[in-house]
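# Results of the structural survey
Each chain is listed here by its residues.
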Amino acid sequence: MAAEPEFDLVIRGERIMTTAGIAAREVGVLDGTIRALEPLGNGLRGRRTIELAAEETLIPGLVDTHVHVNEPGRTEWEGFASATRAAAAGGVTTILDMPLNSIPPTVNVPALEEKRAAAKDQAFVDVGFWGGAVPGNLGDLRPLHDEGVFGFKCFLLHSGVDEFPPLDADEMEKDMAELKGFDSVMIVHAEDSRAIERAPHAEGDQYARFLASRPRGAENVAIAEVIERARWTGARAHILHLSSSDALPMIASAKRDGVRLTVETCPHYLTLLAEEIPNGATAFKCCPPIREASNRELLWQGLEDGIIDCIVSDHSPSTLDLKDLENGDFGVAWGGVASLQLGLSLIWTEGRRRGLPLEQVVAWMSSRPADLAGLARKGRLALGFDADFAVFAADETYVVDAKKLKHKNPLTPYQGKALSGVVRKTFLRGTEVDGEHPAGRLLRRGMA
């Protein structure tokens, strides 16, 4: 009589990306968790068995800690169903949703409850939430933390939406001191409002003019402010979407000094170039902006040197009309790049050109963001972790077609770009994501 299968799912392949590198392995999944990781040929038995093709690599599901879903309130920009379908199509199995662009913004517990209610039955991947730090909500930070937000986002200049106003540096410091009391993290959109007020205005279709309106200096001044306030309070701080390579020496120095600082950058800063952006091409508008080729090279060096910790999307879509496509006016268009589905292919295409191994690219997009968020069961293919995987064909190529992406609004600066690396299947806790049966969970800090 044949023995009963031990596992719900067994995946076998020559290329399984473990924490010790890519190796020939069998993975056994039981109750949504990785319970066995053994040499290929050991014959694990599962109710379902998948044999990977020779060109496929099993990688841990990616973790994207910077996603603007915009539901409720601006669901026509992006909603939980469309965003999490796009995430799964790109091999992303966990997202953390930003506290703004939805209405109400996530700046108190009732707003968090509204957001959770909107997400509950629509998520195809796991979803966690950041809280917001705005003027006057100091007393809401601890209750939000206790309700499971992963940390708090603030802006040091106008956020783009009036319902999420910025903090000045002194207010940010007060909030950081509060967060230090329960070891939460302040994540900061670091551009200095005074520097931007004094910069040229961005109206018109000239990309060079828009770039001049968001100078590197504005980022550098704001990052210096974040570093010193983190140093004074002892709080954890995280720099969002770093685009200015000028700030790297100061960040490296702060880290050496023991300031509790982490830093992310995004695919658009690592793959696109200011010199190549056509005038009027507002799909490329984001803040801080895409900068020059020399800057991009230094950002890659900052990643390789460990000064930048991780790569996340800052997926910030809008409706097509808000991008002012008819006039191409950078002063009017909404600033944000839609790339949630494309991040892995973008970074792999660029990274392999630079001789970087797939393991490094995936670590920047899986284990590193999971560590930032304290997601102790995510981002690695290892025993005891959630069985979140993607089957990745690293050598397969495709051309980006915005109309075929799962995002709600078919606009991307990568339209027509040839990319390497196709996600063929995505698994959430051992179950293949089919785009029809939402099985994502809502995560609370400390539970995952």
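Below you will find a few notes about this structure.

Cut-offs and rules
- Residues numbered from 1 in each chain as written.
- Predicted model: local features only at pLDDT ≥ 70, side-chain atom pairs only at ≥ 80, totals over all residues.
- Heavy atoms only, no water.
- Core = buried A, V, L, I, M, F, W, Y, C linked by side-chain atoms within 4.5 Å.
- Buried < 20%, exposed > 50% of the residue type's maximum accessible area, 1.4 Å probe, protein only.
- Helix = DSSP H or I, 4+ residues; strand = E, 2+ residues; numbered from the N terminus.
- Contact = heavy atoms within 4.5 Å.
- Polar contact = N/O pair within 3.5 Å; in protein donor to acceptor, adjacent residues only side chain to side chain.
- Phe/Tyr/Trp six-rings, centres within 6.5 Å; stacked < 30°, edge-to-face > 60°.
- Lys NZ or Arg CZ within 6 Å of the ring centre and 35° of its normal.
- Salt bridge = Lys/Arg side-chain N within 4 Å of Asp/Glu carboxyl O.
- Pairing = 2+ DSSP bridges.
- Axes fitted to C-alpha atoms, helices over the stretch in contact; angles between N-to-C directions.
- Lys, Arg positive; Asp, Glu negative; His and termini not counted.

On to the nonpolar core, then. Core analysis: the largest hydrophobic core is formed by 99 residues, its most contacted members being Ile 95, Phe 152, Val 226, Leu 242, Ile 251, Leu 261 and Leu 344. Looking at this core, the element that brings in the most residues is helix H1 (residues 80-89), giving six residues. In this structure, Leu 344 is in contact with Ile 59, Leu 62, Gly 90, Val 361, Val 362, Met 365, Phe 392 and Val 423, ignoring residues within four places of it in sequence. Judged by nonpolar contacts, the second largest core, of 23 residues, contains Leu 96, Phe 150, Leu 157 and Trp 334.

The next thing to look at is helix H2 (residues 109-119). Those residues of H2 that fall on the buried side of the exposure criterion are Val 109, Ala 111, Leu 112, Lys 115, Arg 116, Ala 118 and Ala 119. Contacts from the buried residues of H2 go to H1, strand S7 (92-97), strand S8 (126-129) and helix H3 (138-146). The backbone nitrogen of Ala 111 has a side-chain oxygen 3.0 Å away, supplied by the residue at the start of H2, namely Asn 108.

A complete count under the given rule lists eight aromatic pairs for this structure. With centroids separated by 5.5 Å and ring planes inclined at 75°, the aromatic side chains of Tyr 207 and Phe 330 adopt a geometry described as edge-to-face. With a gap of 123 residues between them, Tyr 207 in helix H6 (residues 207-213) and Phe 330 in the loop between strand S14 (310-311) and helix H11 (343-353) connect regions that are remote in the sequence. On the basis of relative accessible area, Phe 330 is assigned to the buried category, the value being 0%. Ring-pair connections join several aromatic residues into one group, and the members of that group are Tyr 207, Phe 210 and Phe 330. If you follow Arg 74 out to its NZ or CZ, it ends over the ring of Trp 77, 5.2 Å from the centre.

On to the pattern of salt bridges. Scanning the entire structure with this criterion turns up 40 salt bridges. Residue Arg 229 pairs with Glu 225 through a salt bridge whose shortest N-O separation is 3.2 Å. Taken together, the residues Arg 229 and Glu 225, both in helix H7 (residues 216-233) and four residues apart, mark about one turn of the helix. Under the relative-accessibility criterion, Arg 229 is labelled buried at 8%. Two residues, Glu 350 and Arg 353, come together in a salt bridge whose shortest N-O distance is 2.5 Å. Of this pair, Glu 350 and Arg 353 both sit in helix H11, three residues apart, roughly one helical turn. Through salt bridges with shared partners, a single ionic network connects Asp 126, Arg 377, Lys 378, Asp 386, Asp 388 and Arg 429.

Once that is clear, we can look at the sheet that holds strand S6 (residues 62-67). A sheet is described by the order of its strands in space; here three strands give the open sequence S6-S7-S8, paired in parallel fashion. In this open sheet, the two edge strands, each paired with only one partner strand, are S6 and S8. If you compare each strand with its neighbour and ignore which way they point, the axes differ by 20° on average. Sheet topology places S6 next to S7; four bridges connect them, and they run parallel. For Asp 64, the partnering residue across the bridge sits in S7 and is Ile 95.

Note on placement: Lys 285 falls in the loop between helix H9 (267-271) and helix H10 (293-304). One buried charged side chain, Lys 285, makes no salt bridge at all; its nearest oppositely charged neighbour is Asp 329, positioned 7.2 Å away. At 2.7 Å, the side chain of Lys 285 forms a polar contact with the backbone oxygen of Phe 330. When residues no more than four places from it in sequence are discounted, the contact partners of Lys 285 are Phe 210, Lys 323, Phe 330, Gly 331, Ala 333, Trp 334, Gly 335, Gly 336 and Val 337.

Below, the discussion takes up the sheet that holds strand S10 (residues 152-155). Spatial strand order, S9-S10-S11-S12-S13-S14: six strands in an open sheet with parallel pairing. The open sheet has two edge strands with one neighbour each: strand S9 (131-132) and S14. With four bridges connecting them, S10 and strand S11 (residues 185-189) associate as parallel partners. Along S11, the bridge assignment pairs Cys 154 with Val 188. With respect to the sheet, helix H4 (residues 169-180) is in contact with S10, S11 and strand S12 (236-239), its orientation differing from that of S11 by roughly 155°.

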